[in-house]
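For reference, the chains in residue letters:
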Amino acid sequence: GARISAAEHREILRARAALRSSFARRLAEYPLWLMPTVPCVAPRVDELGEDTAYFEANRLILRNTALVNFLDGCAVTLPCHEPGGLPVGVSLVAQAGMDRQLLGAAAHLEAVARSM
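Just so you know, these numbers come straight off a predicted model, no measurement behind them. (Residues numbered from 1 in each chain as written. Predicted model: local features only at pLDDT ≥ 70, side-chain atom pairs only at ≥ 80, totals over all residues. Heavy atoms only, no water.)

Observations regarding the layout of surface pockets
Move 1: Considering only enclosed or pocket space, the largest pocket measures out at about 150 Å³ in volume.
Move 2: Residue assignment for the lining of the largest pocket shows that the elements contributing at least two residues are β2 (74–79) and α4 (99–114).
Move 3: Classifying every residue of the lining of the largest pocket gives 6 nonpolar, no polar and 2 charged. (1 Å grid on protein atoms, 1.4 Å probe; cavity = no way out; pocket = protein on both sides within 12 Å on 5 of 7 lines; lining within 4 Å. Points joined across faces, edges and corners; volume = space filled by probe spheres on them. Helix = DSSP H or I, 4+ residues; strand = E, 2+ residues; numbered from the N terminus. Nonpolar A, V, L, I, M, F, W, Y, C, P; charged D, E, K, R; others polar.)

Here's what the structure looks like:
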């Protein structure tokens, strides 16, 4: 941040606030947003020996969750992989402050998934 001027910082905060507001308006139309928790299966540890490989994988794997955090949303992830398969999850996302409703919906979805 040392290279960002105060004016640039204010503009970034303004732009983030506008994005958060747009996100909240869009989500107001729908109680929940369903999305993959991560865009890919996590790589094996031995594939991340080089710093560049680690940072590239880290950036990709945190992409979806970082978006929800950036927009001040709340989310919960549920496992959705086949038994014995590599672990992956699906996220339910809601607006900030909707934690109770989100957790209730996640519990319901988990019960439905288990009954299948």
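Some words on the pairing of strand β3 (residues 89–94)
Move 1: Most of β3 sits out of view: 6 of its 6 residues are buried.
Move 2: The alternating pattern of β3 places G89, S91 and V93 on one face and V90, L92 and A94 on the opposite face, and all of these are buried.
Move 3: Pairing between strand β1 (residues 33–36) and β3: 4 bridges, direction antiparallel. Residue P36 lies in a different strand from β3, and its bridge partner there is V90.
Move 4: Pairing of β2 with β3 involves 6 bridges; the strand directions are antiparallel. Across the sheet, V76 pairs through a bridge with L92, a residue of β3. (Buried < 20%, exposed > 50% of the residue type's maximum accessible area, 1.4 Å probe, protein only. Pairing = 2+ DSSP bridges.)

As far as function goes, none of this settles anything; it's purely spatial.
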